[in-house]
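# Structural overview
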Amino acid sequence: MTQIALVTGAGSGIGQQTALALAKAGFHVVLTGRRESALNETIALADNAASMTAISCDVTQSDSVDALYASIEKQHGRLDVLFNNAGTNVPAMTIDKLTVDQWRQVIDVNLTGAFLSARGAFALMRKQSPQGGRIINNGSISAYVPRPGSVPYTVSKHAITGLTRTLSLDGRAFNIACGQIDIGNTASDMTEQMNSGVPQADGSIKPEPTMDTSHVADAVVNMAQLPLNANVQFMTIMASAMPFIGRG
């Protein structure tokens, strides 16, 4: 039986590459994001367009997320894997320069969106037969150490770690596994500026090495293909020479 995977934020970057990799690995992939045109661009890149379904959704809105899961249940009958990936950020700044709207923008997508997506997946995985499934949360190395001027993003990713740990515990009774992939400096639209320079802890601006997004996608596929009695609880995948280990 073909397994069903859902990827949020599937119209670009990590979400797009992971959706394509999951489809290549044999999953039927449900793509979601706010812009249906971007989701269709992802489908156009697939070797087999029939292995993907696009359903537009705003993960920050509970009604929209509820409708997404109702569609998945109606069309596919179950969900085996959620890659909880949708995310955003704002420019680097200290907390006193950060507006409340900018704070809410990041928290709404990165945290509330992840909560709503996980809630919907958990509910469907709990009631389906056979019961169970896997939730993979997209964390960040910011879940461990911050970058300068990254208050809302870092707070959101610390919270994702709490979500992962709690879902791992609560999911045991229902054969629902939950793991987290913490990513550092994958080459995407959000990290394009790293080639020209980003703020460092010592106040300097320096370029940082990046890695290809395909490595992240392959890692998520590896996590997704495990049997439910095995779990990658936390994985860090990063550009080897980026300033994360040691003093940078």
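About the thresholds
- Residues numbered from 1 in each chain as written.
- Predicted model: local features only at pLDDT ≥ 70, side-chain atom pairs only at ≥ 80, totals over all residues.
- Heavy atoms only, no water.
- Axes fitted to C-alpha atoms, helices over the stretch in contact; angles between N-to-C directions.
- Helix = DSSP H or I, 4+ residues; strand = E, 2+ residues; numbered from the N terminus.
- Parallel < 35°, antiparallel > 145°, perpendicular 65-115°, else oblique.
- Left-handed = near helix turned anticlockwise from the far one by under 90°.
- Contact = heavy atoms within 4.5 Å.
- Nonpolar A, V, L, I, M, F, W, Y, C, P; charged D, E, K, R; others polar.
- Expected span 1.5 Å × (residues − 1).
- Buried < 20%, exposed > 50% of the residue type's maximum accessible area, 1.4 Å probe, protein only.
- Arc of directions from axis to C-beta.
- Salt bridge = Lys/Arg side-chain N within 4 Å of Asp/Glu carboxyl O.
- Phe/Tyr/Trp six-rings, centres within 6.5 Å; stacked < 30°, edge-to-face > 60°.

At their nearest, the axes of helix α1 (residues 13-24) and helix α6 (residues 213-224) sit 8 Å apart, and the two run at 50° to each other. It follows that α1 is oblique to α6 by the angle criterion. In this structure, α1 crosses over α6, and the sense of that crossing is right-handed. Contacts between α1 and α6 involve Gly13, Ile14, Gln17, Thr18, Ala21 and Leu22 from the former and Thr213, Val216, Ala217, Val220, Val221 and Ala224 from the latter. Across the contact of α1 with α6, the residue classes break down as eight nonpolar, four polar and no charged.

Turning our eyes to something else, we now look at helix α3 (residues 62-76). Between its first and last C-alpha atoms α3 spans 21 Å; for 15 residues at 1.5 Å apiece the expected length is 21 Å, and the two agree. Every buried residue of α3 is listed here: Val65, Leu68, Tyr69 and Ile72. For α3, the buried positions fall inside an angular range of 90° around the axis, keeping them on one side. Pointing more than 90 degrees away from the buried face of α3 are the exposed residues Asp63 and Lys74. Of the surrounding elements, those touching the buried residues of α3 are β1 (4-8), β2 (28-33), β3 (52-56), β4 (81-84) and α4 (100-127). Among the residues trailing α3, Gly77 stands out with phi positive, at a value near 85°.

Turning to the packing of α4 against helix α5 (residues 151-171), a few remarks are in order. Between α4 and α5, the shortest axis-to-axis distance is 9 Å and the interhelical angle comes to 15°. Taken together, the axes of α4 and α5 lie roughly parallel to each other. Crossing hand, α4 versus α5: right-handed. The residues of α5 that touch α4, namely those facing Trp103, Val106, Ile107, Asn110, Leu111, Ala114, Phe115, Ala118 and Phe122, are Val151, Pro152, Tyr153, Val155, Ser156, Lys157, Ala159, Ile160, Leu163, Leu167, Asp170 and Gly171. Of the residues that constitute the contact of α4 with α5, the class distribution is 16 nonpolar, three polar and two charged.

Glancing now at the pattern of salt bridges. Considering all chains together, one arrives at four salt bridges under this definition. Salt-bridge contacts for Glu208 lead to Arg147; the nearest nitrogen and oxygen are separated by 2.7 Å. You can see Glu208 sitting in the loop between β8 (205-206) and α6 and its partner Arg147 sitting in the loop between β5 (133-138) and α5, a full 61 residues away along the chain. Look at Glu208 and you get buried, because its relative accessible area is 5%.

Within this structure, the stated rule accounts for one aromatic pair. Seen from their ring centres, Phe122 and Phe174 are 5.9 Å apart, and the 80° between their planes marks the pair as edge-to-face. A residue pair is termed long-range when its members are at least 10 positions apart, and Phe122 in helix α4 and Phe174 in the loop between α5 and β6 (176-184) qualify at 52 residues. Overall, Phe174 belongs to the buried group, its relative accessible area being 18%.

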